[in-house]
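As a plain string of letters, each chain reads:
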Amino acid sequence: MPEFTVTGDVDPFLHVSLRQGEKIYCESDAMVMMESTLDLKGKMTGGVMGSIMRRMANGESFFQQHISAVRGAGDCLLSPTLPGAVQIVDVGARQYLLNDGTFVAASDGVEMKTRTQSISNALFAQSGGFFIMETTGQGQIAVSGFGSMFKLDVSPGKDVVIDNSHVVCWDKSLSYEVSVTTSGGGGGLGGMIGNLVNSVTSGEGIVLRFTGTGSVHVCSRNRDAFLAWVAKGKGGAG
């Protein structure tokens, strides 16, 4: 199996070592450097429909980069689009769901498929709309988060509530539900309006509540908030 290693302290690379005959695939434009023993091709992973569904689910490119060690062993360096940490996640005994734009690379034994979400999660969570990316198979994936990353463990009686913009990926065995705020605003239309008002005034936004047994990988920075801040800065003081 290809060997994934994170190298570098700030905005690290994903270093991949492949033996002859081994393959990986990664997000478009992730490749920074590769040795001449390797070949790179752009492919529609899972065919046309699979590529369309993946783009809808996780904001990925229509084509992915496939890197193969065809002339002998070789190394390559990959980099995510956004600045921040990279983590390697073992897939097999546990499978994972991925938030938008967090996928970097996967070994050839791992397949990224789409699955449907509940209507409430699709409308509010921003994690892929009605479709979301799910791992199958066995091997490793590399995921990235804006800023630093941290792994949270969830266990029965120890639920965690996380701002959706900070969620990178989570264990498929976990249950999750969307809430506008962490506070209870009561049921019905009045409760919903109360939660929306509280969300706007507190800046709390959309949160995900995870229950069960498993892990959630989170990142320290909010991509959307950062982009909004940059846009505001370019527009002048206000």
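Above this note sits the structure.
Computed from a predicted model, the values in this text were never measured in an experiment. (Residues numbered from 1 in each chain as written. Predicted model: local features only at pLDDT ≥ 70, side-chain atom pairs only at ≥ 80, totals over all residues. Heavy atoms only, no water.)

(A) Up close: the overall build of the protein chain. Along its length, the protein chain carries 4 helices and 19 strands. Across the 238 residues that make up the protein chain, the buried fraction comes to 41%. Long-range contacts, defined here as pairs at least 24 residues apart, represent 79% of the contacts in the protein chain between residues at least 6 apart. When the accessible surface of the protein chain is split by element, carbon and sulfur atoms take 56% of a total near 11900 Å². (Helix = DSSP H or I, 4+ residues; strand = E, 2+ residues; numbered from the N terminus. Buried < 20%, exposed > 50% of the residue type's maximum accessible area, 1.4 Å probe, protein only. Contact = heavy atoms within 4.5 Å. Areas by Shrake-Rupley, 256 points an atom, 1.4 Å probe, with all protein chains shown as cover.)

(B) Fine view of the pattern of salt bridges. Counted according to the given criterion, the structure contains 5 salt bridges. The shortest N-O distance in the salt bridge between D171 and R94 comes to 2.6 Å. With a gap of 77 residues between them, D171 in strand 16 (residues 167-171) and R94 in the loop between strand 8 (84-91) and strand 9 (96-98) connect regions that are remote in the sequence. For R94, a relative accessible area of 38% translates into the label partly exposed. D224 is the partner of R223 in a salt bridge, and the nearest nitrogen-oxygen pair spans 3.9 Å. According to the relative accessible area criterion, D224 is partly exposed, its value standing at 37%. (Salt bridge = Lys/Arg side-chain N within 4 Å of Asp/Glu carboxyl O.)

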